[in-house]
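# Summary of structural features
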Amino acid sequence: MKHNEHPIYVAQPALPPLEEYTEYLKKIWDNKILTNNGPFHQEFEQALADYLGVKYISVFANGTLALVVALQALRLGGEVITSPFSFVATTHSLWWNNIKPVFVDIEPGYLNMDPEKIEKAITPATTAIMPVHVYGNPCKMNEIQQIADRHGIKVIYDAAHAFGVRIDGNSVLNFGDLSILSFHATKVFSTIEGGAIICHSQEMKHHIDNLKNFGFRGETVVEEPGINAKLNEFQAAYGLLQLKYVDSYIAKRKSITELYRSLLKNIPGLSYLQDCDNVKHSYSYFPIFLDETTFGMNRDSLYEKLKEYNIYGRRYFYPLISSFEPYKELPSAVYENIPVANKFALQVLCLPIYVELKEEAIHLICNIIKGKDN
Ligand code: T4K
């Protein structure tokens, strides 16, 4: 049984029933509004705000543009403190705004930015902190906010992984000045490509809505140099349909997570993250961490071994953003500044997790990990 017939990827989109989507398509065909704040777009924003428990949301063509525009919306410049342990889009959004990224290390518990390391990275040029809720686990938001308030700087959360995540019943998206989401095909909730900015006032939502639509306010007035980052009607309709099913998706992902945890418990040198206290999770990823000496195999060997079975885990987030060409010469990219991030980047392997992942596949993956594959 060396080779699994169908490839098992780290992610697979959960598609809603096609017949239901065609009903939406018929409406689009009838009214011929394909994009530019059409009826599905408006309905989607309202339905999303209600589902997520947030007041103001503006949907975007993707999460990366949402990040870029979030920084524009606050007119940030100078330096922004961020995490190297993320998808490269987080730091790219700073570069696109001509902002200097300053990397701060992560904490070993949930691999989010370590609040204790933030303050010493603040300089007179610092304008904001941009932490990431990695794998959907909430950052230490109260501590981060206190630091930001002390220094009069903004907080923008990259919440790309944190769709539907709540802490003490409150959406994590209600923290900070702005948060962004990604609705990419590989995410818990998807509009194929897509994203959003969550803000806390009607005025800011107007501003963000203008920025994603070339800066237009009305038909003839351009107030600011905006961009085109709109979500079209096909994607908004797809999103509306996804909202009907997302709770069942999350429930399925939770049961997959629990099965992984039970099959992989008590393996020397292998660890995984537990649920956080008082948090409703959406189980976006299932990362495991391998300590080579105790586990007896390094992460890359396991990654390759799984590939032999047609199983494709992913090393999110390796390499660290700070080691990529555009950022590796930054003073904050040096190893000594981010040792925890460097350590976990070498240990992490995200195992497949998606709605249609079969139990047998999970057993197979865990048996391979345990060396019981022969
Ligand atoms: N901030 C954070 C923290 C993020 O993680 C991301 C994106 C962003 C910002 C930016 O948001 P977006 O601009 O993307 O909305 C994937 C995703 O493309 C990316 O959205 C995501 N994070 C990142 C963590 O993962 P890749 O390059 O690893 O994707 P890819 O195409 O290799 O897909 C992984 C596997 O999923 C494939 O091996 C097969 C499967 N797959 C993929 C697609 C696209 C499918 O089965 N069907 C599909 O349609 O980046």
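In short, a report on the structure. (Residues numbered from 1 in each chain as written. Predicted model: local features only at pLDDT ≥ 70, side-chain atom pairs only at ≥ 80, totals over all residues. Heavy atoms only, no water.)

A separate point is the environment of Glu325. With respect to the helices and strands, Glu325 occurs in the loop between β16 (311-312) and α11 (339-347). One polar contact links Glu325 to Lys328, side chain to side chain, over a distance of 3.0 Å. (Helix = DSSP H or I, 4+ residues; strand = E, 2+ residues; numbered from the N terminus. Polar contact = N/O pair within 3.5 Å; in protein donor to acceptor, adjacent residues only side chain to side chain.)

This part is about the side chain of Gln347. By secondary structure assignment, the location of Gln347 is in helix α11. Judged by relative accessible area, Gln347 falls into the buried class, the value being 15%. With residues near it in sequence (within four places) discarded, Gln347 still touches Ile288, Phe289, Leu290, Asp291 and Arg299. (Buried < 20%, exposed > 50% of the residue type's maximum accessible area, 1.4 Å probe, protein only. Contact = heavy atoms within 4.5 Å.)

With that settled, consider the site of the ligand. The immediate surroundings of the ligand are formed by 25 residues, with Thr64, Asp158, His161, Ser182 and Tyr316 found nearest. Contacts to the ligand include Thr64, whose side-chain N or O atom sits 2.6 Å from an oxygen atom. Elements with a minimum of two residues in the shell around the ligand: α3 (63-73) and α4 (89-95). Here the residues of the shell around the ligand are counted per class, giving 11 nonpolar, 11 polar and three charged. (Near = heavy atom within 4 Å. Nonpolar A, V, L, I, M, F, W, Y, C, P; charged D, E, K, R; others polar.)

On the surface, Phe214, Phe216 and Val222 cluster together into a nonpolar patch covering about 240 Å² of accessible area. Note on placement: Val222 falls in strand β12 (residues 221-222). (Patch = residues over 30% accessible without salt bridge, like charges linked within 9 Å, V, L, I, M, F, W, Y side chains within 5 Å. Areas by Shrake-Rupley, 256 points an atom, 1.4 Å probe, with all protein chains shown as cover. Salt bridge = Lys/Arg side-chain N within 4 Å of Asp/Glu carboxyl O.)

All told, the structure shown has 14 salt bridges when counted by the stated rule. Taking the shortest distance from any N to any O, the salt bridge between Lys205 and Glu45 comes out at 2.7 Å. Linking Lys205 in helix α7 (residues 202-211) with Glu45 in helix α2 (residues 39-52), this pair joins segments that are 160 residues apart in sequence. Assigned by exposure class, Lys205 and Glu45 land together as buried. A salt bridge links Lys212 to Glu45; the nearest nitrogen and oxygen atoms lie 3.2 Å apart. With a gap of 167 residues between them, Lys212 in the loop between α7 and β11 (216-217) and Glu45 in helix α2 connect regions that are remote in the sequence. For the pair formed by Lys212 and Glu45, the shared burial category is buried.

It is worth spelling out the environment of Asn4 at this point. For Asn4, the location among the structural elements is in the segment before β1 (8-9). Every residue in contact with Asn4, bar those within four places of it in the chain, is listed here: Tyr309, Asn310, Ile311 and Leu364.

Below, the discussion takes up the sheet that holds strand β17 (residues 348-351). With antiparallel pairing, three strands are arranged side by side in an open sheet as β13-β15-β17. Each having just a single partner strand, β13 (270-272) and β17 make up the two edges of the open sheet. Going from strand to strand, the sheet's axes swing by 35 degrees on average, the running direction of each strand aside. Bridge analysis of β13 against strand β15 (residues 286-290) gives three bridges, and the strand direction is antiparallel. (Pairing = 2+ DSSP bridges. Axes fitted to C-alpha atoms, helices over the stretch in contact; angles between N-to-C directions.)

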